[in-house]
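# Results of the structural survey
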Amino acid sequence: MKALIYHSANQKSWEEVAKPVIKEATDAILRISKTTICGTDLHIMKGDVATVTDGRILGHEGVGIIEEIGNAVSNFKKGDHVIISCITSCGKCANCKKGMYSHCDNGGWILGNTIDGTQAEYVRIPYADNSVYPIPAGSDEEALVMLSDILPTGFECGVLNGQVKPGDDVAIVGAGPVGLAALLTAQFYTPATLIVVDTDANRLEVAKTFGATHVINSLEEDAVKKVFELTGQRGIDVAIEAVGIPATFDICASILAPGAHLANIGVHGKAVELHMEALWAQNITLTTRLVDTVTTPMLFKNVQSKKLNATKLITHHFKLNQILEAYEIFGNAAKEHALKVILEN
């Protein structure tokens, strides 16, 4: 089969490799129908994720058809159409029993990280009974790709960890796909204000159409000063960091009202400064999280009922064998006006 192979920082290729096979009785082999590229994949390509080694097939999102199952898989059969979760869950270890699937003893975020992933014609999914979701006939496949990762990530790591409440003033720093996913799902809780901060004018315009009440281009004005102006000098109840660089973390930490939450989503490849001399007495809550995908079934229902329009996040379409071009487009999002890309096998 063909697959996208990581070799080292900034080195990848579309290669012929061996098709995956069943290794454990709980495995399933899927033929990929559609997949996508994540911002985390770009961090991998920068060398920010040390666990990804030479020869790894990247990707942790997608939908597909089950071609083969291990003899311990009981919830699915050959031919079933499924969503692939970015998080692999055994369902039996102590962390899984707490709903913290991201820290499964033998799973978690392993696809496209420590085992081969979904940017390929076929993929092996461990613990298939707990790590894929059935797709009803007639569903919009492209919308459901957004349920593999970015929608639960934005919701769980940003909105839920930030404890967004009705009437809150919320700021999302970063208007990439995961920041926009947080913007869409924050509206479940009717915050009073949804401020989006970014340096990309196009993405800020998109954020307005997604429900942002205010947008701030931090290249053109002082984002911290503007946030305080918009909140009557009080600051933000919930700041969601959705980029993963020191500059965006600094903005979040600088706009907090007393008692606020700072919910980090971004993948950080470099250290950030935490100014405890300013925050120690402010009753601030800082949270980090790797998505657990515990909310995927709920989000699935909202996508199916059209209450959550996941296709708004999709801007580009490619064939799977055009993945190198797709990486170029996605990696130059500001120039190409790219959000999520769909790669069809």
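Scroll up to find the structure.
A brief report on the enclosed structure follows. (Residues numbered from 1 in each chain as written. Predicted model: local features only at pLDDT ≥ 70, side-chain atom pairs only at ≥ 80, totals over all residues. Heavy atoms only, no water.)

### Considerations on the overall build of the protein
A count of helices and strands for the protein gives 13 helices and 16 strands. Relative to the 2.2 N^0.38 estimate, which gives 20 Å for 345 residues, the radius of gyration of the protein is 20 Å and therefore close to what a compact globule would have. C-alpha atoms of the protein, sized along the principal axes, occupy 60 × 40 × 40 Å. Per-residue burial for the protein yields a buried fraction of 56% across its 345 residues. Pairs at least 24 apart in sequence give 70% of the contacts found in the protein among residues at least 6 apart. Accessible surface, the protein: about 14400 Å² in total, of which carbon and sulfur atoms supply 50%. When the 29 basic and 39 acidic side-chain charges of the protein are each reduced to a single mean position, those positions are 5 Å apart. (Helix = DSSP H or I, 4+ residues; strand = E, 2+ residues; numbered from the N terminus. Rg over C-alpha atoms; globule rule 2.2 N^0.38 Å. Buried < 20%, exposed > 50% of the residue type's maximum accessible area, 1.4 Å probe, protein only. Contact = heavy atoms within 4.5 Å. Areas by Shrake-Rupley, 256 points an atom, 1.4 Å probe, with all protein chains shown as cover. Lys, Arg positive; Asp, Glu negative; His and termini not counted. Charge placed at Lys NZ, Arg CZ, Asp CG, Glu CD.)

### Details of the packing of aromatic side chains
Enumeration according to the criterion identifies 2 aromatic pairs in this entry. Aromatic pair Phe155 and Phe188: ring centres 5.6 Å apart, planes at 75°, arrangement edge-to-face. One end of the pair, Phe155, is in helix H5 (residues 150–160); the other, Phe188, is in the loop between helix H6 (177–186) and strand E10 (193–198), with 33 residues separating them in the sequence. Taking relative accessible area as the criterion, Phe188 reaches 31% and is therefore assigned partly exposed. On the numbers, 6.4 Å between centres and 15° between planes, the contact of Phe155 with Tyr189 is stacked. A residue pair is termed long-range when its members are at least 10 positions apart, and Phe155 in helix H5 and Tyr189 in the loop between H6 and E10 qualify at 34 residues. For Phe155, a relative accessible area of 2% translates into the label buried. In this structure an aromatic cluster arises from ring pairing among Phe155, Phe188 and Tyr189. Here the guanidinium or amino end of Lys19 rests over the ring plane of Tyr122, the centre of that ring lying 4.1 Å away. (Phe/Tyr/Trp six-rings, centres within 6.5 Å; stacked < 30°, edge-to-face > 60°. Lys NZ or Arg CZ within 6 Å of the ring centre and 35° of its normal.)

### A few points about the environment of Leu184
Inspection of the secondary structure puts Leu184 in helix H6. Leu184 gets classed as buried once you look at its relative accessible area, which sits at 10%.

### As for unusual backbone geometry
One can expect most non-glycine residues to show negative phi and most peptide bonds to be in trans. Positive phi, close to 70°, is recorded for Gln233, a residue that is not glycine. Relative to the helices and strands, Gln233 resides in the loop between helix H8 (223–230) and strand E12 (236–241). In this structure Gln233 comes out as exposed when scored by relative accessible area, which is 55%. A positive phi angle, near 65°, is found at Thr293, a position not held by glycine. With respect to the secondary-structure elements, Thr293 resides in the loop between strand E14 (285–287) and helix H11 (296–304). Look at Thr293 and you get buried, because its relative accessible area is 2%.

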